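Architecture at a glance
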Amino acid sequence: MNSNEKILSKFYTAFANGDAKSMCECYHSNIKFTDPIFRLLVGNDVCQMWKMLFVKSKETIKVEFSIGKIDQYRGSATWIATYKFGKKNRKVINKVYSEFQFKDGLIIKQFDHFNMWLWSKQAFGIIGYLFGWTGYFQRKIEEKASLSLKKYQNAS
């Protein structure tokens, strides 16, 4: 197992254990993270996002992962997160494909990809089914996620 495989294994094992601190040890200080909900996060905001998500999931999150192809500069993984979402505690099973770039033995970029409409159908029920594919609805989810992260950071 090369060093990048080890860092991804540590990252996802920590993820599966709800250990944001160990996940963040895998990130370069200049980490850039993108996904369909948070769009772009940089630096410590990435770690704060994971901490917030673990708090909000109330330890109900279950993560399964498979590390893909990895070389000296890039890597990938697929993972499935199962958790309860929102006030109605809707069950969400989110299937994610992640791409990584490495620098100095750490993750410097993480690009998470998943189907936002499928996610929103599970997270918001009929409203997500009807509107989750629209840019307007997706921007509203992004705005709410950003606001939640700011509130979490201010309270921490």
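For the structure, check the block above.
Conventions and cut-offs
Residues numbered from 1 in each chain as written. Predicted model: local features only at pLDDT ≥ 70, side-chain atom pairs only at ≥ 80, totals over all residues. Heavy atoms only, no water. Helix = DSSP H or I, 4+ residues; strand = E, 2+ residues; numbered from the N terminus. Rg over C-alpha atoms; globule rule 2.2 N^0.38 Å. Contact = heavy atoms within 4.5 Å. Areas by Shrake-Rupley, 256 points an atom, 1.4 Å probe, with all protein chains shown as cover. Lys, Arg positive; Asp, Glu negative; His and termini not counted. Charge placed at Lys NZ, Arg CZ, Asp CG, Glu CD. Disulfide = S-S within 2.5 Å. Pairing = 2+ DSSP bridges. Axes fitted to C-alpha atoms, helices over the stretch in contact; angles between N-to-C directions. Patch = residues over 30% accessible without salt bridge, like charges linked within 9 Å, V, L, I, M, F, W, Y side chains within 5 Å. Salt bridge = Lys/Arg side-chain N within 4 Å of Asp/Glu carboxyl O. Expected span 1.5 Å × (residues − 1). Buried < 20%, exposed > 50% of the residue type's maximum accessible area, 1.4 Å probe, protein only. Arc of directions from axis to C-beta. Polar contact = N/O pair within 3.5 Å; in protein donor to acceptor, adjacent residues only side chain to side chain.

Focus on the overall build of the protein chain
The helix and strand tally for the protein chain stands at 6 helices and 6 strands. Along the protein chain, helices (α) and strands (β) appear in the sequence α-α-β-β-α-β-β-β-β-α-α-α when read from the amino end. Relative to the 2.2 N^0.38 estimate, which gives 15 Å for 156 residues, the radius of gyration of the protein chain is 15 Å and therefore close to what a compact globule would have. In terms of principal-axis extent, the alpha carbons of the protein chain reach across some 45 × 35 × 30 Å. Pairs at least 24 residues apart make up 49% of the contacts formed inside the protein chain by residues separated by at least 6 positions. As displayed, the protein chain offers around 9,100 Å² of accessible surface, 54% of which is attributable to carbon and sulfur atoms. Taking the 25 positively charged and 13 negatively charged side chains of the protein chain as two groups, their mean positions are separated by 8 Å.

Details of the state of the cysteines
Taken as a whole and judged by the stated rule, the model has 1 disulfide. We note that C26 lacks a disulfide partner, and the nearest cysteine sulfur, in C24, lies 8.6 Å from it.

Observations regarding the sheet that holds strand β3 (residues 62–70)
Consider a sheet: its strands pair through backbone hydrogen bonds, and that pairing is either parallel or antiparallel. In spatial order, the strands read β2-β1-β6-β5-β4-β3; together these 6 strands make up an open sheet with mixed pairing. Edge positions in the sheet fall to β2 (39–42) and β3, since each has one partner strand and no second. Neighbour-to-neighbour, the strand axes of the sheet open up by a mean angle of 20°, direction not taken into account. As judged from the 4 bridges shared by strand β1 (residues 27–35) and strand β6 (residues 106–113), these two strands associate in the parallel manner. Across the sheet, the residue bridging to Y27 is I107, located in β6.

Some thoughts on the environment of K103
Inspection of the secondary structure puts K103 in strand β5 (residues 90–103). Measuring from C-alpha to C-alpha, the distance between K103 and Y27 comes to 9.4 Å, with 76 residues separating the pair along the chain.

Overview of a nonpolar patch on the surface
Among the surface-exposed residues, I126, I127, Y129, L130 and F131 lie close enough to one another that they form a single nonpolar patch of about 500 Å² accessible area. Relative to the elements of secondary structure, L130 occurs in helix α5 (residues 126–131).

Observations regarding helix α1 (residues 3–16)
When the terminal C-alpha atoms of α1 are compared, their 20 Å separation across 14 residues agrees well with the 20 Å that a helix rising 1.5 Å per residue should span. Where α1 is concerned, the buried positions are N4, I7, L8, F11, Y12, A14 and F15. Buried residues in α1, looked at end-on, bunch into an arc of 155°, giving them a common side. The backbone nitrogen of N4 lies 2.9 Å from a side-chain oxygen of the residue at the head of α1, namely N2. Once α1 finishes, G18 follows within two positions and takes phi at roughly 65°, a positive value.

So far we have only geometry, and geometry alone does not tell us how the molecule works.
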